[in-house]
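Overview (structure and organization)
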Amino acid sequence: GAVVSQHPSRVICKSGTSVKIECRSLDFQATTMFWYRQFPKQSLMLMATSNEGSKATYEQGVEKDKFLINHASLTLSTLTVTSAHPEDSSFYICSATWVAGRAWNEQFFGPGTRLTVL
Amino acid sequence: AQKVTQAQTEISVVEKEDVTLDCVYETRDTTYYLFWYKQPPSGELVFLIRRNSFDEQNEISGRYSWNFQKSTSSFNFTITASQVVDSAVYFCALSSYNTDKLIFGTGTRLQVFP
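A brief look at the structure comes next. The model shown is predicted, which means the values in this text are computed figures rather than measured ones.

Along chain A, the regular secondary structure elements total zero helices and 11 strands. Of the regular secondary structure in chain A, the N- to C-terminal order runs β-β-β-β-β-β-β-β-β-β-β. At 14 Å, chain A has a C-alpha radius of gyration in line with the 13 Å of a compact globule built from 118 residues. With respect to the principal axes defined by its C-alpha atoms, chain A has extents near 45 × 25 × 25 Å. By sequence separation, contacts in chain A at least 24 residues apart represent 55% of the contacts at least 6 residues apart. Approximately 5,700 Å² of chain A is accessible, and the part contributed by carbon and sulfur atoms is 52%. Each charge sign in chain A was given a centre, from 11 positive and 9 negative side chains, and these centres are 5 Å apart.

And the structure:
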């Protein structure tokens, strides 16, 4: 099956710093990638959808200047949490798919990145 | 608006017991997809099943079975003869036709004790 990786798996940073999380599709070209955030013992909330070569579409309530998403190639999307604060501590999960004119395109999930902001 | 409700926050069972995880959804779409995912302690989501709204046949896969009832907007998941390895958080999710956005329920944490 299709494999999606995330790096780093865990990151601890000081408040005010920026953190970049990478999401890679290892064996397929991902035309679309999704970024989710999951707070402890809560559900996954979609933050944004990114299509290769275009600007990301953010869900309502997600600050685009806070969470910068870049999908510069068909195998890599990055999420940068700018000026991170303790309330940004969360589990960030990406997923990837390739759109092929089907009614539904399966999403393949990465293993997640646990961000802790001190 | 679309919504997925998993009313059971946590369930604890003893090994070999059967357990059913409930999922109720809301959507105005006539065509949609329903999913179940497993999230073990490691955090990585594991895809279990996808069902489209036109297919109400129940499905069985080993110890897992799913009951889809459009009349009650439910898509319940049963694990037969549960095992300790089944301990995880299980998410039900919904997606509309021609969109890849997944709307997740709040999840049910299943603990299976030996």
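Okay, the nonpolar core next. One finds Phe67(A) and Leu115(A) to be the most contacted residues of the largest nonpolar core, which totals 26 residues. For this core, the elements supplying multiple residues, two or more each, are strand E2 (10-13), strand E3 (19-25), strand E4 (32-38), strand E5 (44-51), strand E7 (67-73), strand E8 (76-81), strand E9 (90-97) and strand E11 (113-117) of chain A. The next biggest cluster of nonpolar side chains, apart from the first, holds 24 residues, and it includes Leu34(B), Phe77(B), Ile79(B) and Val112(B).

What follows is about the interface of chain A and chain B. Contact residues are listed per partner, giving 23 residues for chain A and 22 residues for chain B. Interface area, chain A with chain B, both sides summed: about 1,700 Å², of which 56% is carbon and sulfur. Seen at the junction of chain A and chain B, the total is one salt bridge. Here Lys101(B) makes a salt bridge to Glu59(A), at a shortest N to O gap of 2.9 Å.

Residues and elements named next belong to chain A. Scanning the model with the defined rule gives two disulfides over all chains in all. Disulfide pairing is shown between Cys23 and Cys94; the S-S distance is 2.0 Å. The sign of the 80° torsion about the S-S bond sets the Cys23-Cys94 disulfide as right-handed. Of this pair, Cys23 sits in strand E3 while Cys94 sits in strand E9, and the two are 71 residues apart along the sequence. Looking at Cys23, the relative accessible area reads 0%, which means it is buried.

All names here are of chain A. In spatial order, the strands read E1-E3-E8-E7; together these four strands make up an open sheet with antiparallel pairing. The strands lining the two open edges of the sheet, one partner per strand, are strand E1 (4-7) and E7. Across the sheet, the mean angle separating the axes of adjacent strands is 15° when strand polarity is ignored.

Calculation notes
Residues numbered from 1 in each chain as written. Chains lettered and ligands numbered in written order. Predicted model: local features only at pLDDT ≥ 70, side-chain atom pairs only at ≥ 80, totals over all residues. Heavy atoms only, no water. Helix = DSSP H or I, 4+ residues; strand = E, 2+ residues; numbered from the N terminus. Rg over C-alpha atoms; globule rule 2.2 N^0.38 Å. Contact = heavy atoms within 4.5 Å. Areas by Shrake-Rupley, 256 points an atom, 1.4 Å probe, with all protein chains shown as cover. Lys, Arg positive; Asp, Glu negative; His and termini not counted. Charge placed at Lys NZ, Arg CZ, Asp CG, Glu CD. Core = buried A, V, L, I, M, F, W, Y, C linked by side-chain atoms within 4.5 Å. Buried < 20%, exposed > 50% of the residue type's maximum accessible area, 1.4 Å probe, protein only. Buried area = accessible area lost by both parts, 1.4 Å probe. Salt bridge = Lys/Arg side-chain N within 4 Å of Asp/Glu carboxyl O. Disulfide = S-S within 2.5 Å. Pairing = 2+ DSSP bridges. Axes fitted to C-alpha atoms, helices over the stretch in contact; angles between N-to-C directions.

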